[in-house]
Each structure stands twice: as structure tokens, then as C-alpha cells.
Amino acid sequence: MVQSSGERRFKETKLPQPQVILPEVLTQTIVFNYKKEELDHNTISALFEQINCIFGYQYNQIFYNIAFRKLLQSKIADNVDFLNQYKLLIQSTIVPYIYSQISSEDRASLTVNDEGQKVFKVLYQYPPTIRIQPSHTNEFKRPHRDIEYGHQPGEINFWMPLTDCSQPDSPTIELERQQTDTGDHESYDRVPLKVGEILRFHGSLLHHRIPKNNSNRTRISMDFRVAPALCWDKSWTLKGKPMKIQHGWEEFKFIID
């Protein structure tokens, strides 16, 4: 596989220097469930109606076109109800789940005292990314890892379908079976997911891809990244010009009883 410009830039950039290395258990790939009421489907439907009002792009452009993706992100950023639902998902499901997965030793290294309280600080992508892949289109996402887009090894990826991706012909995400530096082999596993399930994987370093959607279904999904604050180097940036799509970050303090 031809090395991307982002991969070349990463190899020319000094590695991030976080205070704590992301625990190995959080680099593992796993699927888990969330409570559907934490992402209200009426709110999702309202967001879809807002998205349907975006005109001026051809059917086969909306999965890949940068201008469309920026416009879509602006619509998401303006949807207060949806963002409140997203914050609830982060605070009540994602962060407690991350904390539950790490060892007592890792908990000790990742918690800090904050105004007399012991807290586990995390950064989370804000707003999240919504992706729309129409049916019967040839657009796809090549094998890549997110480090080439300026993301850090201290970040954890979460990918969740907003439409069913569990059927044999459903479009979904594919992950390389074993982490490599090139991602140019054919050992990728398809990950079937139902609405109500979330895929966690280490997308900064694990290659992943989205194949063509040959089905009769339009795939809509949401993805975002979360990083324990001490595993994230706030001074680090990828060498070269900024990425076309920029992600903001919010901090959440999970209070430890």
C-alpha cells in the first residue's frame, strides 16, 4: 500500500509525550452495549430531518465530500438536544465503562486530586462525527489509522451504528486482525453491529476501513474519540498543514467515590 502523506508526516514528527501511556487493556477491540434511552431516538430522528434539509450535493458525494462533511458537522454542532444526549452517553456510559476496565494500578496513575476530590479526568471529542454512506454507491474509505490525521495513541475510538449494521450484506466497519505499520494485508474482520451496540478499538494505531456499500441500506453511524487526560499530550500536533476536518475537545471529571 502506498504510504499516505499523513503517515509520512507522522514519521517525521516527534511522538506525543503524555504523562501516562494508555493502558494496554484500553487498546483492545471490544463490543459492548449501551442503554438506548441514553441516546433518544426522537432526538436522532430530529437530527436526521435536519440533515435531510442539506441540499446541493449529489447522492454519491455525501460520504466523502469534505465540504458536505463540514456542513454536516455544523448542523450537528447547532443541535442542542442531540449534543445533550451525546454528553449523557459520554458521562453515564462511556467514561464509567472505561474506568471499570482498567486495573487498580492504572486507576491510581490516572486519577488526580481536584479541589479535594479524587477524579478521573477525560477528554472527549465534541461534537461527535456522523457519517452517512448511501446505498449502492462506490465510495469507500481506504485502510488507514487515525494517527495520520493528527490523532494520538492516547485516544480510544468508539464507533456505533444509528442504523442496523448486523445483517450479512449491511455496510459496516472492518478492522485489521493484527496491528501493523502498513495495513496492506487482507486480514480484515468485518464487525457486524446492531443499534444499541458500540465498538471500541484503538483507531490511532489499528488500521480500519469502510468498504463500498452494495446493499439496499443507507448506513448512518456515529463515531468519537475519548482519551484519559493524562494519556493525551496537549502540546502535540502533527507536522505540516492542519487537517481539513478539525475536532474539538471537552473535558469531563468523573468523581471517584
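What comes next concerns the included structure. In this text the structure is predicted, and so the values were computed from the model without any measurement.

**What to know about the sheet that holds strand 5 (residues 141-144)**
As a general point, the strands of a sheet are linked pairwise by backbone hydrogen bonds and lie either parallel or antiparallel.
Okay, so step 1: Here we have four strands laid out as an open sheet, ordered 5-10-7-8, and antiparallel in their pairing. With partners counted over all chains shown, the strands left at the sheet margins are strand 5 and strand 8 (188-191), one partner each. Sheet twist, expressed as the average angle between the axes of neighbouring strands with direction ignored, equals 20°.
Okay, so step 2: Here strand 7 (residues 173-176) pairs with strand 8 via four bridges, running antiparallel. Bridge assignment links glutamate 176 to a residue of strand 8, and that residue is tyrosine 188.

**Some remarks on helix 3 (residues 66-77)**
Okay, so step 1: The end-to-end C-alpha separation of helix 3 is 16 Å, in line with the 16 Å expected for twelve residues at 1.5 Å each.
Okay, so step 2: Restricting attention to buried positions, one finds in helix 3 the residues Phe68, Leu72, Gln73 and Ile76. Viewed end-on, helix 3 has its buried residues packed into an arc of 140°, placing them on one side of the element.

**Topic: the pattern of salt bridges**
Okay, so step 1: All told, the structure shown has eleven salt bridges when counted by the stated rule.
Okay, so step 2: Note that lysine 239 and glutamate 12 form a salt bridge whose closest N and O atoms lie 4.0 Å from each other. With lysine 239 in the loop between strand 11 (219-228) and strand 12 (248-255) and glutamate 12 in the loop between helix 1 (5-11) and strand 1 (30-33), this pair connects stretches of sequence that are 227 residues apart.
Okay, so step 3: With its nearest N and O atoms 3.3 Å apart, the salt bridge here joins lysine 253 to aspartate 114. Placement of lysine 253 in strand 12 and of aspartate 114 in strand 2 (residues 111-114) is noted, with a sequence separation of 139 residues between them.

**Digging into the packing of aromatic side chains**
Okay, so step 1: A complete count under the given rule lists ten aromatic pairs for this structure.
Okay, so step 2: Three or more aromatic residues link up through ring pairs in this structure, and these residues are Phe32, Tyr86, Tyr97, Tyr124, Tyr126, Phe158 and Phe224.
Okay, so step 3: A cation over an aromatic ring shows up here: arginine 209 above the ring of tyrosine 188, its NZ or CZ 4.1 Å from the ring centre.

**Focus: unusual backbone geometry**
Okay, so step 1: Looking along the chain, the bond that leaves tyrosine 126 and enters proline 127 is cis, with omega of 0°.
Okay, so step 2: Structurally, proline 127 is set in the loop between strand 3 (117-126) and strand 4 (129-133).
Okay, so step 3: Although it is not a glycine, glutamate 115 adopts a positive phi angle of roughly 55°.
Okay, so step 4: By the secondary structure assignment, glutamate 115 is in the loop between strand 2 and strand 3.

**Observations regarding the nonpolar core**
Okay, so step 1: Ranked by internal contacts, the top residues of the largest apolar core, which has 39 residues, are Ile94, Ile130, Phe158, Met222, Phe224 and Val226.
Okay, so step 2: Broken down by secondary-structure element, the contributors of at least two residues to this core are helix 3, helix 4 (80-101), strand 3, strand 4, strand 6 (156-161) and strand 11.
Okay, so step 3: Broken down by element, the residue count for this core peaks at ten residues, all from helix 4.
Okay, so step 4: Core analysis: the second largest hydrophobic core is formed by eleven residues, Phe63, Leu199, Phe201 and Ile210 among them.

**Observations regarding the pairing of strand 6**
Okay, so step 1: The buried fraction of strand 6 amounts to six of the six residues, a majority that puts the element mostly inside the structure.
Okay, so step 2: Burial along strand 6 is two-sided: the residues Ile156, Phe158 and Met160 and Asn157, Trp159 and Pro161 are all buried.
Okay, so step 3: Looking at chain direction, strand 6 and strand 11 are connected through six bridges and run antiparallel. Note on strand 11: the bridge partner recorded for tryptophan 159 is aspartate 223.
Okay, so step 4: Where strand 6 and strand 9 (residues 197-201) come together, three bridges link them in antiparallel fashion.

What counts, and where the lines are drawn
Residues numbered from 1 in each chain as written. Predicted model: local features only at pLDDT ≥ 70, side-chain atom pairs only at ≥ 80, totals over all residues. Heavy atoms only, no water. Pairing = 2+ DSSP bridges. Helix = DSSP H or I, 4+ residues; strand = E, 2+ residues; numbered from the N terminus. Axes fitted to C-alpha atoms, helices over the stretch in contact; angles between N-to-C directions. Expected span 1.5 Å × (residues − 1). Buried < 20%, exposed > 50% of the residue type's maximum accessible area, 1.4 Å probe, protein only. Arc of directions from axis to C-beta. Salt bridge = Lys/Arg side-chain N within 4 Å of Asp/Glu carboxyl O. Phe/Tyr/Trp six-rings, centres within 6.5 Å; stacked < 30°, edge-to-face > 60°. Lys NZ or Arg CZ within 6 Å of the ring centre and 35° of its normal. Core = buried A, V, L, I, M, F, W, Y, C linked by side-chain atoms within 4.5 Å.

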